[in-house]
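# Coordinates in review
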Amino acid sequence: MERPPAPDDHRAYVEQLFRAQAGFVASFLARLGVAQADLDDAVQEVFTVAYRKGAFHPDRATARSWLGAIAARVASGLRRRAHFRRERLEAEPAATVASDVTSALSRLELRESLDRVARALDSLDLPLRTVFVLFELEGEDCSAIAGALELPVGTVYSRLHTARKRFTAAHQALLDTHPLPIQAGELP
């Protein structure tokens, strides 16, 4: 059994982990539906829990998947305590799109497309959404996710399969009810 690090070493470890992973944790919490106004407190809570838990075990999970599992529980706790307020993902992801998107129509299409993705993500319950976001958006592998969430790897694969189907169906339903605007060259 591994000895826990000395108090000073453990604190330095968590501080280093915070510097390296705080951006990921904030992004992940936002993708789980934590309101922008609650993100700072939620990130702090994730790292407080990480500090109390001690170091993660690299043989079971990566630091990101371990922090993702903690973040999922924090997000769930926010929801249960009724401090959780749903907000749509803001246009923050649009800032990462190349700056050469100049036409108003292109920006509108992009905003509507990102809104559909955010709404399709919102339709997934937290266990499915956690696995989906960790795998599809954060690039974690299923064995690391399983280790972090303390689930059998088969359960992770099953949740990922179900999440993909539900996400695709929800996205398609949104696309069917709110199709993209007509392109300028396609006007009748």
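Above this text is the structure in question.
Report on the accompanying structure.

Cut-off values and rules
Residues numbered from 1 in each chain as written. Predicted model: local features only at pLDDT ≥ 70, side-chain atom pairs only at ≥ 80, totals over all residues. Heavy atoms only, no water. Helix = DSSP H or I, 4+ residues; strand = E, 2+ residues; numbered from the N terminus. Buried < 20%, exposed > 50% of the residue type's maximum accessible area, 1.4 Å probe, protein only. Contact = heavy atoms within 4.5 Å. Areas by Shrake-Rupley, 256 points an atom, 1.4 Å probe, with all protein chains shown as cover. Core = buried A, V, L, I, M, F, W, Y, C linked by side-chain atoms within 4.5 Å. Axes fitted to C-alpha atoms, helices over the stretch in contact; angles between N-to-C directions. Parallel < 35°, antiparallel > 145°, perpendicular 65-115°, else oblique. Left-handed = near helix turned anticlockwise from the far one by under 90°. Nonpolar A, V, L, I, M, F, W, Y, C, P; charged D, E, K, R; others polar. Phe/Tyr/Trp six-rings, centres within 6.5 Å; stacked < 30°, edge-to-face > 60°. Expected span 1.5 Å × (residues − 1). Arc of directions from axis to C-beta.

### Topic: the overall build of the protein
When helices and strands are counted, the protein shows seven helices and zero strands. Each helix (α) and strand (β) of the protein, taken in turn from the N terminus, gives the series α-α-α-α-α-α-α. Within the protein, the fraction of its 188 residues that count as buried is 37%. Looking at the protein alone, contacts between residues at least 24 apart form 73% of all its contacts between residues at least 6 apart. Of the roughly 11,200 Å² of accessible surface on the protein, 54% is carried by carbon and sulfur atoms.

### Here we look at the nonpolar core
By size, the foremost hydrophobic cluster in this structure holds 47 residues, and its most contacted members are Val25, Leu29, Val46 and Leu67. Listed by contribution, the elements that provide at least two residues to this core are helix H1 (7–31), helix H2 (39–53), helix H3 (63–80), helix H4 (104–122), helix H5 (126–137), helix H6 (142–149) and helix H7 (153–177). The element best represented in this core is H3, accounting for 10 residues. With near-sequence residues (within four places) excluded, Leu29 lies in contact with Val34, Leu39, Ala42, Val43, Val46, Ala71 and Ala75.

### Considering H5
Among all positions in H5, only Leu126, Leu128, Arg129, Thr130, Val131, Phe132, Val133 and Leu134 are buried. One or two positions beyond H5, positive phi appears at Gly139, with a value near 75°.

### What to know about the packing of H5 against H6
As a packed pair, H5 and H6 sit with axes 10 Å apart at the nearest point and diverge in direction by 140°. Between H5 and H6, the interaxial angle falls into the category oblique. In this structure, the crossing between H5 and H6 has a hand that is right-handed. For the pair H5 and H6, contact is made by Thr130, Val131, Leu134 and Phe135 and by Cys142, Ile145 and Leu149, respectively. Taken together, the residues of the contact of H5 with H6 break down into six nonpolar, one polar and no charged.

### Description of the packing of aromatic side chains
To describe a pair of aromatic rings, you give the distance between the ring centres and the angle between the ring planes. Enumeration according to the criterion identifies three aromatic pairs in this entry. Consider the rings of Phe18 and Phe47, whose centres lie 4.9 Å apart with planes at 80°: the pair is edge-to-face. Note that Phe18 is positioned in helix H1 and Phe47 in helix H2, a separation of 29 residues in sequence. Phe47 sits in the buried class, given a relative accessible area of 6%.

### What to know about the environment of Phe18
Residue classification places Phe18 among the partly exposed positions, given a relative accessible area of 39%. Once the C-alpha coordinates of Phe18 and Phe47 are considered, the two residues, 29 residues apart in sequence, prove to be 7.0 Å apart. With residues near it in sequence (within four places) discarded, Phe18 still touches Val43 and Phe47.

### Let's talk about the packing of H5 against H7
Two elements in contact, H5 and H7, have axes whose closest approach is 8 Å; the angle formed by their N-to-C orientations is 95°. Taken together, the axes of H5 and H7 are roughly perpendicular relative to one another. Taken together, the residues of H7 that come into contact with H5 (itself represented by Pro127, Leu128, Val131, Phe132, Phe135 and Glu136) are Val156, Arg159, Leu160, Thr162, Ala163, Arg164, Arg166 and Phe167. Residues that form the contact of H5 with H7 fall into these classes: nine nonpolar, one polar and four charged.

### A closer look at H2
The first and last C-alpha atoms of H2 sit 21 Å apart over 15 residues, in line with the 21 Å expected at 1.5 Å per residue. Those residues of H2 not exposed but buried are Leu39, Ala42, Val43, Val46, Phe47, Val49 and Ala50. Looking straight down H2, one finds that the buried residues subtend no more than 155° of arc, so they occupy a single side. Relative to its buried face, H2 has exposed residues pointing more than 90 degrees away, namely Asp40, Asp41, Gln44 and Arg52.

By themselves, these figures tell us nothing about what the structure is for.
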